[in-house]
Amino acid sequence: MTVNDALKAAASQIAPACEINGANPARVAKALLMRHLGVKIEWIFLNLTRELDDVDGYFALVKRFANHEPLEYITGEAGFYGLTFNVKKGVLIPRPETEILVEKSLEILSNLPAQKGSPLVAEIGAGSGIISICLALNSNAKIIASDISDDALNLARENAAKFGVEDRIEFVKCAYLDQIYGRFDLLVSNPPYIALDYELDKFVLNEPHEALFGGAAGDEILKNIILVAKNRGVKYLACEMGYDQRESMQNALKFNGFEAEFYKDLAGFDRGFVARNIFANF
């Protein structure tokens with residue numbers, strides 16, 4: 001079987017799965033082949049008539065995608081903020097909309113009043129480490145990031161080392177900031193915020209549920225984070241949230257002494273907020 005024939009057969013097999021997540025079958029087939037052979041896209045275009053090595057191995061990857069395993073878990077990587085991060089099953093896959101949260105956080109850090117030393121940042125729910133790593137690469141902040149998952153923390157440390165910022169970020173296993181001490185200029189989080197009864201597609205359901213679902217209403221963890229920020233005297237808070245949680249977050253933030261601005265994602269949905277603690281000592 002030639003490379004071209006294999007790509008066509010693979011695209012046909014994964015087409016039904018692609019209808020679920022809106023992916024392009026031909027593009028996914030090429031990505032799987034690149035992973036299988038360890039080559040770049042240029043190699044594929046230059047070798048379409050070549051006989052494919054280990055056909056069975058390639059179609060084993062195709063079958064995994066056809067069975068709704070996310071492409072990122074199969075390839076072991078995901079693009080985010082212009083970088084390629086390592087990903088693995090059991091850890092949430094980075095989403096493009098979270099790049100906005102990174103941008104908002106960097107804006108906060110760049111506008112902090114002049115101070116001695118580096119800004120102090122805490123992240124709740126580090127996942128694969130993408131937020132903390134991007135902040136470290138684009139600011140002089142010192143960062144402490146928490147997660148309850150050993151798999152996530154190990155992957156985050158791996159990614160931090162990949163980009164040379166492992167000495168700028170401390171990863172701690174705990175819930176919220178339970179084992180983390182000190183006062184922070186910024187607390188950032190992309191927490192689980194999906195309601196338990198919300199229907200997700202089969203690909204997303206292959207991701208860790210504890211990183212997706214925030215409770216019966218979905219906003220419970222976000223409300224806890226706001227309370228943590230208040231009690232710890234955090235100056236600024238930046239969080240991603242669900243598209244239908246603006247009113248809930250407005251009420252919780254105001255009640256806990258925060259002035260907030262909300263932002264939308266590229267699709268025009270409410271997606272997060274940045275908030276200033278009006279009682280914090282600046």
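Here the structure is shown first, and the text comes after it.
Sequence order as written defines residue numbering, which begins from 1 separately in each chain. Per-residue local features of the predicted model are confined to residues with pLDDT of at least 70, and side-chain atom pairs are confined, for both listing and counting, to 80 or more; whole-chain, interface and lining totals are unaffected and use all residues. Heavy atoms throughout the structure, all of them, feed into the side-chain values; hydrogens and water do not.

Caption draft 1: Representation of the overall build of the protein in the model. By definition, any uninterrupted DSSP run of H or I lasting at least four residues is a helix, any uninterrupted run of E lasting at least two residues is a strand, and each is numbered from the N terminus. For the protein, the count of helices and strands is 10 helices and 11 strands. For a compact globule of 282 residues, the expected C-alpha radius of gyration is about 19 Å, and the protein comes in at 21 Å, within 12% of that figure. Taken along the three principal axes of its C-alpha coordinates, the protein extends 70 × 40 × 30 Å. Here the term buried applies to any residue with accessible area under 20% of the maximum for its type, exposed to any over 50%, and partly exposed to those in between, with areas from a 1.4 Å probe on protein chains only. The burial tally for the protein puts 50% of its 282 residues in the buried class. The quantity called the radius of gyration is restricted to C-alpha atoms. Its globule counterpart is 2.2 Å times the number of residues to the power 0.38.

Caption draft 2: Spatial organisation of the sheet that holds strand S3 (residues 120–124). Two strands make a pair as long as DSSP finds a minimum of two bridges between them. In spatial order, the strands read S5-S4-S3-S6-S9-S11-S10; together these 7 strands make up an open sheet with mixed pairing. The sheet is open, and its two edges are formed by strand S5 (169–173) and strand S10 (258–264), each paired on a single side. For this sheet, the mean inter-axis angle between neighbouring strands, taken without regard to orientation, is 15°. Strand direction decides the pairing type here: strand S4 (residues 142–147) and S5, joined by 5 bridges, are parallel. Its bridge partner being in S5, isoleucine 143 is matched across the sheet by isoleucine 169. By definition in these notes, contact holds between two residues if any of their heavy atoms fall within 4.5 Å. Each axis is a line fitted through C-alpha atoms, and for a helix only the stretch in contact is used; angles between axes span 0 to 180 degrees, taken between their N-to-C directions. Lying over the sheet, helix H7 (residues 130–137) contacts S3, S4, S5 and strand S6 (186–189), oriented at roughly 175° with respect to S4. Running over the sheet, helix H9 (residues 220–231) touches S3, S6, strand S9 (236–240), S10 and strand S11 (270–277) and is turned about 170° from S9.

Caption draft 3: Fine view of unusual backbone geometry. Of note in this structure, tyrosine 81 is not a glycine but carries a positive phi near 55°. Mapping tyrosine 81 onto the fold places it in the loop between strand S1 (77–80) and strand S2 (83–86). In this structure, tyrosine 176 is a non-glycine residue whose phi angle is positive, near 55°. By the secondary structure assignment, tyrosine 176 is in the loop between S5 and S6. For tyrosine 176, a relative accessible area of 22% puts it in the partly exposed group.

Caption draft 4: Summary view of a nonpolar patch on the surface. Excluding any residue in a salt bridge, patches collect residues exceeding 30% relative accessible area, merging like charges within 9 Å and nonpolar Val, Leu, Ile, Met, Phe, Trp and Tyr side chains within 5 Å. Residue-level accessible areas treat just the shown protein chains as cover; the underlying method is Shrake-Rupley with a 1.4 Å probe. Take a side-chain nitrogen of Lys or Arg and a carboxyl oxygen of Asp or Glu: if they are within 4 Å of each other, that pair is a salt bridge. Residues Tyr198, Tyr243 and Phe269 make up a contiguous nonpolar surface patch of roughly 330 Å² in combined accessible area. Among the structural elements, tyrosine 243 can be located in the loop between S9 and helix H10 (246–255). Residue classification places tyrosine 243 among the partly exposed residues on the basis of a relative accessible area of 41%.

Caption draft 5: Seen up close, the layout of surface pockets. Cavities and pockets were defined on a 1 Å grid built over protein atoms only: a cavity is a set of grid points that admits a 1.4 Å probe from which the probe cannot escape, a pocket is an open set flanked by protein on both sides within 12 Å along at least five of seven lines, and lining residues are those with an atom within 4 Å of any such point. Grid points are joined across faces, edges and corners, and a volume is the space filled by probe spheres set on the points. Empty space within the second largest pocket amounts to approximately 560 Å³. As for the second largest pocket, its lining consists of 31 residues, of which Gly125, Asp147, Pro192, Glu210 and Ala211 are closest to the centre. Secondary-structure elements contributing two or more residues to the lining of the second largest pocket are S3 and H7. By the convention adopted, Pro, Cys, Tyr, Trp, Phe, Met, Ile, Leu, Val and Ala count as nonpolar, Lys, Arg, Asp and Glu as charged, and the other residues, Gly among them, as polar. Within the lining of the second largest pocket, the residues separate by chemical class into 19 nonpolar, 8 polar and 4 charged.

Caption draft 6: The arrangement of H9 in detail. Each residue after the first adds 1.5 Å to the expected span of a helix. The terminal C-alpha atoms of H9 lie 17 Å apart, and with 12 residues this matches the ideal 16 Å at 1.5 Å per residue to within 8%. Residues Leu222, Ile225, Ile226, Val228 and Ala229 constitute the buried set of H9. Looking straight down H9, one finds its buried side chains confined to an arc of 160°; they lie on one side. Lining the buried residues of H9 we find S3, S6, S9, H10, S10 and S11. Within two residues after H9, glycine 233 carries a phi angle of roughly 65°, on the positive side. To obtain the arc, one takes the directions from the helix axis to the C-beta atoms.

Caption draft 7: Region of interest: the packing of H9 against H10. Contact pair H9 / H10: the axes reach a minimum separation of 10 Å and the direction vectors enclose 20°. Of the possible angle classes, the one that applies to H9 and H10 is roughly parallel. In the packing of H9 onto H10, the handedness of the crossing is right-handed. On H10, the residues that touch Leu222, Lys223 and Ile226 of H9 are Ser248, Met249, Ala252 and Leu253. Across the contact of H9 with H10, the residue classes tally to 5 nonpolar, 1 polar and 1 charged. Angles below 35 degrees are treated as roughly parallel, those above 145 as roughly antiparallel, those between 65 and 115 as roughly perpendicular, and all remaining angles as oblique. Here a crossing is taken to be left-handed if its near helix is turned anticlockwise relative to the far helix by less than a right angle, and right-handed if that turn runs clockwise.

Caption draft 8: Representation of the pattern of salt bridges within the structure. Under the definition given, this model contains 9 salt bridges. The network of salt bridges with common partners includes Arg246, Lys264 and Asp270.

Caption draft 9: Quick peek at the environment of serine 105. Relative to the elements of secondary structure, serine 105 occurs in helix H6 (residues 98–110). On a C-alpha basis, the gap between serine 105 and leucine 135 in space is 7.7 Å, while along the polypeptide they are 30 residues apart. Apart from residues no more than four positions distant in its own chain, serine 105 is found in contact with Leu135, Leu186, Val188 and Ala238.

Caption draft 10: Region of the structure containing helix H1 (residues 3–21). In this model H1 runs 25 Å from its N-terminal to its C-terminal C-alpha over 19 residues, within 8% of the 27 Å that 1.5 Å per residue would give. Bend, at a single residue, is the angle you get between axes fitted to the 7 residues ending at that residue and the 7 residues starting at it. Remark: the principal bend of H1, roughly 55°, maps to alanine 15, with a proline, proline 16, within the next four residues. Buried-residue contacts for H1 involve helix H2 (25–37), helix H3 (41–46) and helix H4 (55–66). Just beyond H1, the residue with positive phi is glycine 22, at close to 75°.

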